[in-house]
Amino acid sequence: MIVKRYKVSLEPLSSIHVWGGSEAIVGIDGLIERDEVKIIDFEKTFEKLNRDEAESFTKLFINRRYRDAYNLIREKIVFKKILKNNTGRILRESDRIKILPDPVIPGSSLKGYLRTVILNHLLTSMNSSEASKLLSDTISFREDPTHTADSLERAVFMRKRPPKSGGFYDVLTLLSTSDPVEKIDILTSIRRMDVIETLSSRSIASIYVEVFEKGSLVYDLYISRPHDFDKLMISKDLMKTFSDIYDLSNEMINMISKDLLNILREFGCKLVENELNKIKGINMFVNYQRFLEDVLNRLCEK
């Protein structure tokens, strides 16, 4: 049973990139025209070509004569997106651009962020010795970094299923998020992303990425009530297992239903404060510092 519904709207405060795993290579996947890169929709383009055009294009493309290939069919090319070059540099053929997924921020990414927010709230709500013990018992830096927190999440969010079922029950299955149900005035562009060594204030690596600049993404978020296991005709051993699941689920859902907006605000403001502390006093980040201070003043003042 759904106990609460939210309509969530995400709007970027600054440029956002969530990589979906795909790249566009300038000159192959995208054509440069003035200050824009036009990303080609190959499927729709080929639908418009006759057999001779398709064969000639393919032959030129295989032989890496990309300009000749595109000049041959230029009037029939269909573009899936047109991106303004906001890198401050001239893009060249063979430059790679990491492309945003569609949707720009999937519901799964929003759900993952919510898990992190809730986990942080639960840990910071514990007394320090209890939180330290939980972290030392569950976090292993010998693990693959993508799985470092798996044991911590199992301890906080999961309970064992009955023996015959196996595995774990994740109480946050009761919190569900849709992919964007509405996209309003979405604007994306190409920017250069730099990795900065803070001590030397120099760039040690850079890539070109498509970023989400403006607009809003609207999601549906649902909070459901767990099943009442007392009404099931089951053995005492199974009832103990189901009771553990129910108690944790009920506790978690009550907390989320009551405090979700405050928990999100609390975590978001901590992120901004932590970011601000990292770059304070570094001259090259003075504009970024002012931006973060403005965000704190506008959105985080109590």
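Here the structure is shown first, and the text comes after it.
Given the structure is predicted, the values throughout are model-derived calculations rather than measurements.

Draft legend 1. Local environment of the packing of aromatic side chains. Evaluated as defined, the whole model comprises 8 aromatic pairs. Taking the centre distance of 5.6 Å and the plane angle of 55 degrees together, the rings of F57 and Y70 count as tilted. Here the residue F57 occupies a position in helix α2 (residues 51-62), and Y70 occupies one in helix α3 (residues 66-73), the gap between them amounting to 13 residues. The exposure class of F57 is buried, given its relative accessible area of 3%. The class of Y70 is buried, set by a relative accessible area of 2%. An aromatic cluster is present here, built from F42, F46, F57, F61, Y66 and Y70 joined pairwise through their rings. Cation over ring: K98 sits above W19, and NZ or CZ is 3.8 Å from the ring centre. The side chain of R154 reaches across the aromatic face of F168, ending 5.9 Å from its centre.

Draft legend 2. Molecular detail of the pattern of salt bridges. Inspection of the entire model under this criterion finds 19 salt bridges. Ionic pairing is found between E33 and K38, a salt bridge with its closest N-O pair at 2.9 Å. Among the residues examined, E33 registers a relative accessible area of 22% and is labelled partly exposed. The partner of D68 in a salt bridge is R65, with the nearest N and O atoms 3.1 Å apart.

Draft legend 3. Main features of unusual backbone geometry. Of the consecutive residues D102 and P103, the connecting peptide bond is found in the cis state with omega at 10 degrees. As for its placement among the helices and strands, P103 is situated in the loop between β6 (96-99) and α4 (107-125). One non-glycine residue with positive phi stands out, namely D185, at about 50 degrees. Inspection of the secondary structure puts D185 in strand β10 (residues 182-197).

Draft legend 4. Spatial organisation of the side chain of R115. The topology assignment puts R115 in helix α4. The class of R115 is buried, set by a relative accessible area of 13%. Once residues lying within four places of it in the same chain are set aside, the contact partners of R115 are E153, F157, M158, D170 and L172.

Draft legend 5. Spotlight on α3. Inspection of α3 places A69, Y70 and I73 among the buried residues, and these make up the whole buried set. The buried side chains of α3 occupy one side of the element, clustering within an arc of 90 degrees when seen end-on. Those residues of α3 hidden inside the fold are in contact with β3 (30-33), β4 (36-40), α1 (42-48) and α2.

Draft legend 6. Spatial organisation of the nonpolar core. By size, the foremost hydrophobic cluster in this structure holds 35 residues, and its most contacted members are I118, F157, L221, M252 and I256. Counting residues per element, this core draws most heavily on helix α7 (residues 236-279), at 9 residues. Ignoring sequence-local partners within four residues, the contact set of F157 consists of R115, I118, L119, L122, Y169, D170, V171, L172, L248 and M252.

Draft legend 7. View of helix α5 (residues 128-138). Buried within α5 we find A131, L134 and T138. Across the axial projection of α5, the buried residues extend over an arc of 65 degrees, all falling on one side. In α5, those exposed residues whose orientation departs by more than 90 degrees from the buried face are S128, S129, K133, S136 and D137. Packing partners of the buried residues in α5 comprise α4 and α6 (150-157).

Draft legend 8. Quick peek at the state of the cysteines. Using the criterion set out here, one finds 1 disulfide in the structure. What pairs with C269 in a disulfide is C300, and their sulfur atoms sit 2.1 Å apart. Residues C269 and C300 are joined through a disulfide that is left-handed, its torsion about the S-S bond being -95 degrees. In this pair, C269 sits in helix α7 while C300 sits in helix α8 (residues 286-300), placing the two residues 31 residues apart along the sequence. The exposure class assigned to C269 is buried, which follows from its relative accessible area of 11%. The buried category is assigned to C300, whose relative accessible area is 16%.

Thresholds applied
- Residues numbered from 1 in each chain as written.
- Predicted model: local features only at pLDDT ≥ 70, side-chain atom pairs only at ≥ 80, totals over all residues.
- Heavy atoms only, no water.
- Phe/Tyr/Trp six-rings, centres within 6.5 Å; stacked < 30°, edge-to-face > 60°.
- Helix = DSSP H or I, 4+ residues; strand = E, 2+ residues; numbered from the N terminus.
- Buried < 20%, exposed > 50% of the residue type's maximum accessible area, 1.4 Å probe, protein only.
- Lys NZ or Arg CZ within 6 Å of the ring centre and 35° of its normal.
- Salt bridge = Lys/Arg side-chain N within 4 Å of Asp/Glu carboxyl O.
- Contact = heavy atoms within 4.5 Å.
- Arc of directions from axis to C-beta.
- Core = buried A, V, L, I, M, F, W, Y, C linked by side-chain atoms within 4.5 Å.
- Disulfide = S-S within 2.5 Å.

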